[in-house]
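Notes for the structure review
One letter stands for each residue in the lines below.
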Amino acid sequence: MESLKNKIDFAVIVSVNNANPNGDPLNGNRPRVNYDGSGELSDVCIKRKIRNRLMEAGNAIFVQSDDNRVDDYRSLRSRAEGELKNIDIKDDKKYREAACKEWIDVRGFGQVFAYKGGSKKSKTKKEGSEEEGAKGEDAGVSIGIRGPVSIHPAFSVAPVNDRVSSIQITKSVSGEGDGSKRGSDTMGMKHRVDHGVYVFYGSMNPQLATKTGFSDKDADAIKEALKTLFVNDASSARPEGSMEVHKVYWWKHNCKNGQHSSAKVHRSLEVKVKERVTEPKDVTEHYDIILHELPGLKPEIIDGV
């Protein structure tokens, strides 16, 4: 299949209401906030959701989460060894090609296959026969694949640090023991962002796509995943309907290098709180979404699901 022909840039506007879009494990699982008070969704979090949507659409995914795993492999190494068992990992070129052909997230986002070496038995020849010698150490391998799809973290349009609510929660039963006493595990904290609008950007590079085999069909699959990013993504922290893709902006250039730089394309979309609105609560009523024209390049504007 032919690789991606033209450069692509994209932007996604996300609305959050009474949800924890991305908890920070180093801060008690409170919503991620940077030093400016803006809310943040890490690029890893966004890619995880894209992978889940691609997998539900029937695409083979290498980096699967345990709660969405569709095979019996419990680690990335076992999945690689199981699916590429006929490929010598020391043959760098063939292993790269096989991995990219097998998994859409590898040929899209890239991947590092880095495995430690293990012990092996050396063999010595003695009088025409082989004899087991001392154990040696098998050298490890590291194969890096650079993907053509890059995604930025998402940041909120307005600060959310004063819009984070925290409540103490209790469970009706103890997680351990005989149940005669309520344990410490019955108490906890739950955090949410009352309201926020987040924006993230990304790009697809045709030059890198030629190295991995990433195609226009793959690009369309990711576009569909972005549109449906929060479908089947509900949890206690993100109840159904609390997170929504408002709009997807998809710029398809007419050449491999692009008519404009990605930075200029991303800056052409401006999202800001309307003047005289001090407490924004609705993405359609309280925000201005301004698209500045770029010569010869117009985006496809897609409503989220």
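These figures come from a predicted structure and were not determined experimentally. Per-chain numbering applies: the sequence of each chain, read as written, is numbered from 1 onward. Where local features are concerned, this predicted model is filtered to residues with pLDDT of at least 70; where side-chain atom pairs are given and counted, the filter is 80 or more; whole-chain, interface and lining totals use all residues. The side-chain values count all of the structure's non-hydrogen atoms but skip hydrogen atoms and water molecules.

1. Focus on the confidence of the model for the protein chain
Looking at the protein chain as a whole, its pLDDT mean stands at 90, while 88% of the residues score no less than 70. pLDDT expresses, on a scale from 0 to 100, how confident the predictor is about each individual residue. For this analysis, residues touch if any pair of their heavy atoms sits within 4.5 Å. The low-confidence segment residues 119–136, where pLDDT is below 50, has 21 contacts with residues more than four positions distant or belonging to other chains.

2. Some remarks on helix α2 (residues 76–83)
Each residue gets one of three labels from its accessible area relative to the maximum for its type: buried under 20%, exposed over 50%, partly exposed in between, using a 1.4 Å probe on protein chains only. Strands here mean DSSP runs of E at least two residues long; helices mean DSSP runs of H or I at least four residues long; both are numbered from the N terminus. Buried within α2 are the following residues: Arg79, Ala80 and Gly82. Relative to the axis of α2, the buried residues are bounded by an arc of 170° and lie together on one face. As for α2, its buried residues are in contact with α3 (92–102) and β5 (110–115). This arc describes the spread of directions from the helix axis toward the C-beta atoms.

3. Description of the environment of Trp103
Tracing the backbone shows Trp103 in the loop between α3 and α4 (104–109). Among all residues touching Trp103, those that are not within four sequence positions of it are Ala60, Ile61, Phe62, Arg79, Ala80, Glu83, Leu84 and Phe113.

4. Overview of the pattern of salt bridges
One speaks of a salt bridge when a side-chain nitrogen belonging to Lys or Arg is within 4 Å of a carboxyl oxygen belonging to Asp or Glu. Throughout the structure, instances matching the rule amount to 21 salt bridges. A salt bridge links Glu56 to Arg53, with the nearest nitrogen and oxygen atoms 2.4 Å apart. Of this pair, Glu56 and Arg53 both sit in helix α1 (residues 43–56), separated by three residues, roughly a single helical turn. On the basis of relative accessibility, which here comes to 14%, the residue Arg53 falls in the buried class. Linked through salt bridges whose partners overlap, the residues forming this network are Glu2, Lys5, Asp216 and Lys252.

5. Regarding the packing of aromatic side chains
Working definition: a ring pair exists when centres of Phe, Tyr or Trp rings (six-membered ring for Trp) sit within 6.5 Å. Plane angles under 30 degrees give stacked, over 60 give edge-to-face, the rest tilted. Scanning the entire structure with this criterion turns up five aromatic pairs. Taking 5.6 Å as the distance between ring centres and 20° as the angle between the ring planes, the aromatic pair formed by Phe10 and Trp250 counts as stacked. Of this pair, Phe10 sits in strand β1 (residues 8–19) while Trp250 sits in strand β13 (residues 243–252), and the two are 240 residues apart along the sequence. Like Phe10, the residue Trp250 is buried in the burial classification. Residues Phe62 and Trp103 carry aromatic rings whose centres are separated by 4.6 Å and whose planes lie at 50° to one another, so their mutual orientation is tilted. You can see Phe62 sitting in the loop between α1 and α2 and its partner Trp103 sitting in the loop between α3 and α4, a full 41 residues away along the chain.

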